[in-house]
Amino acid sequence: MAKRLPQHLETVRRLALALPGVEEGTSYGTPGFRVRGRFLARLWEDGETLVVKCGDDERDFRMQVDPETFFTTDHYRGYPTVLVRLAKVRLNDLRAVLEEAWRRNAPKRLVAEYDQAQRGRTGVPRGKEGATPG
């Protein structure tokens, strides 16, 4: 099993802002990220947890595979979000959940352009190499 390293806001910022169209701002008084105006993720009020709008399937998959890192609360039940303990999350998992959130919330054209650019560099769309949730 890969060693888990604490992921802080700077890491979240670097990963989120590397995705096309993502901008940083605030959400409920905490640092947050949006893609073309649509909510993507934000730091929870505790400063140690990230709220990510990744979709129901991704949320359920992450919580099943790694419940110590990915969880929800009663407040978020029924919403397509997952809470991420930044002190526990693996870098690759953080990158993957942020990219999935971006894919679900970014305009389709932006996602298509991104995938085309990724195929041009690697031959495989980013985020699809070896990903087999479910």
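All of the points below concern the structure found in this document. Note that this is a predicted model, so its numbers are computed, not measured. (Residues numbered from 1 in each chain as written. Predicted model: local features only at pLDDT ≥ 70, side-chain atom pairs only at ≥ 80, totals over all residues. Heavy atoms only, no water.)

**Thoughts on the sheet that holds strand S5 (residues 70–71)**
Moving on, step 1. Taken in spatial order, the six strands make up an open sheet running S1-S2-S3-S4-S6-S5, and their pairing is antiparallel. Two strands lie at the open edges of the sheet, namely strand S1 (22–27) and S5, each paired on one side alone.
Moving on, step 2. Of the pairings in the sheet, the one linking strand S4 (residues 49–52) to strand S6 (residues 82–85) comprises four bridges and is antiparallel in character. Each residue of the ladder has a partner; that of Val 52, found in S6, is Val 82.
Moving on, step 3. In the packing of helix H1 (residues 9–17) onto the sheet, contacts are made with S1, strand S2 (30–35), strand S3 (38–43) and S4, and the angle to S2 comes to roughly 15 degrees. (Pairing = 2+ DSSP bridges. Helix = DSSP H or I, 4+ residues; strand = E, 2+ residues; numbered from the N terminus. Contact = heavy atoms within 4.5 Å. Axes fitted to C-alpha atoms, helices over the stretch in contact; angles between N-to-C directions.)

**Some remarks on the environment of Arg 36**
Moving on, step 1. Looking at the secondary structure, you find Arg 36 in the loop between S2 and S3.
Moving on, step 2. Residue Arg 36 is classed as exposed on the basis of its relative accessible area of 54%.
Moving on, step 3. Ignoring sequence-local partners within four residues, the contact set of Arg 36 consists of Gly 21, Pro 107 and Leu 110. (Buried < 20%, exposed > 50% of the residue type's maximum accessible area, 1.4 Å probe, protein only.)

**Describing the pattern of salt bridges**
Moving on, step 1. Counted under the stated rule, the structure contains 14 salt bridges.
Moving on, step 2. Between Arg 90 and Asp 66 there is a salt bridge; the shortest N-O distance is 3.9 Å. One end of the pair, Arg 90, is in the loop between S6 and helix H3 (91–105); the other, Asp 66, is in the loop between helix H2 (56–65) and S5, and 24 residues separate them in sequence.
Moving on, step 3. Judged by relative accessible area, Asp 66 falls into the buried class, the value being 7%.
Moving on, step 4. Members of the salt-bridge network, linked through shared partners, are Glu 58, Arg 62, Asp 66, Arg 90 and Asp 93. (Salt bridge = Lys/Arg side-chain N within 4 Å of Asp/Glu carboxyl O.)

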